[in-house]
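Fold and geometry: a report
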Amino acid sequence: MAAHTLRDEGDLTTIEHQQLREALSWFNEELFVPKFLERIEHRRAISWFKPAAEEAIRRMWHLKELLDLHGYHVEVLRTSEPGTVVYEDSWQVIAKPRKGQRLGSSG
């Protein structure tokens, strides 16, 4: 959401705006988001990249740098316990945290 806000309302250079549009386009084309996640019972679901998603992770780091540069704090979390898995593919696990579960470690 922060990336969309930055795209629509941020004070970006022409190059930054192009980089942001390209990043968002790539994620929209390459990262599957199941329609069932729109249901209210999945509102807390979080998408975690698997280590094998090297290209997506590289691109996300670039997106994080751009967001940080414009004052949008992005915290990177890692976990081996994502919660109750509601969807999984070769790049990601989408899971709902269990009640009282910490989301992961920073880093």
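Here, the structure is the one placed above.
In this text, all values refer to a predicted model and were calculated from it rather than measured experimentally. (Residues numbered from 1 in each chain as written. Predicted model: local features only at pLDDT ≥ 70, side-chain atom pairs only at ≥ 80, totals over all residues. Heavy atoms only, no water.)

Further remarks concern the nonpolar core. In this structure, Ala3, Leu6, Leu20, Phe27, Ala56, Leu63 and Leu67 are the most contacted members of the largest nonpolar core, which totals 14 residues. Mapped by element, the contributors of at least two residues to this core are helix H1 (2–9), helix H2 (14–30) and helix H3 (54–69). Per-element accounting of this core gives the leading share, five residues, to H2. Not counting residues up to four positions away in its chain, the partners in contact with Leu6 are Leu12, Leu20, Leu66, Leu67, His70 and Tyr72. (Core = buried A, V, L, I, M, F, W, Y, C linked by side-chain atoms within 4.5 Å. Buried < 20%, exposed > 50% of the residue type's maximum accessible area, 1.4 Å probe, protein only. Helix = DSSP H or I, 4+ residues; strand = E, 2+ residues; numbered from the N terminus. Contact = heavy atoms within 4.5 Å.)

Within the structure shown, the criterion is met by seven salt bridges. Between Glu41 and Arg39 there is a salt bridge, with its nearest N and O atoms 2.8 Å apart. For Arg39, a relative accessible area of 44% puts it in the partly exposed group. Taking the shortest distance from any N to any O, the salt bridge between Glu55 and Arg59 comes out at 2.7 Å. (Salt bridge = Lys/Arg side-chain N within 4 Å of Asp/Glu carboxyl O.)

This part covers the side chain of Lys64. With respect to the element layout, Lys64 can be found in helix H3. In this view, Lys64 contacts Val74 and Val76; residues no more than four positions away in its chain are not counted.

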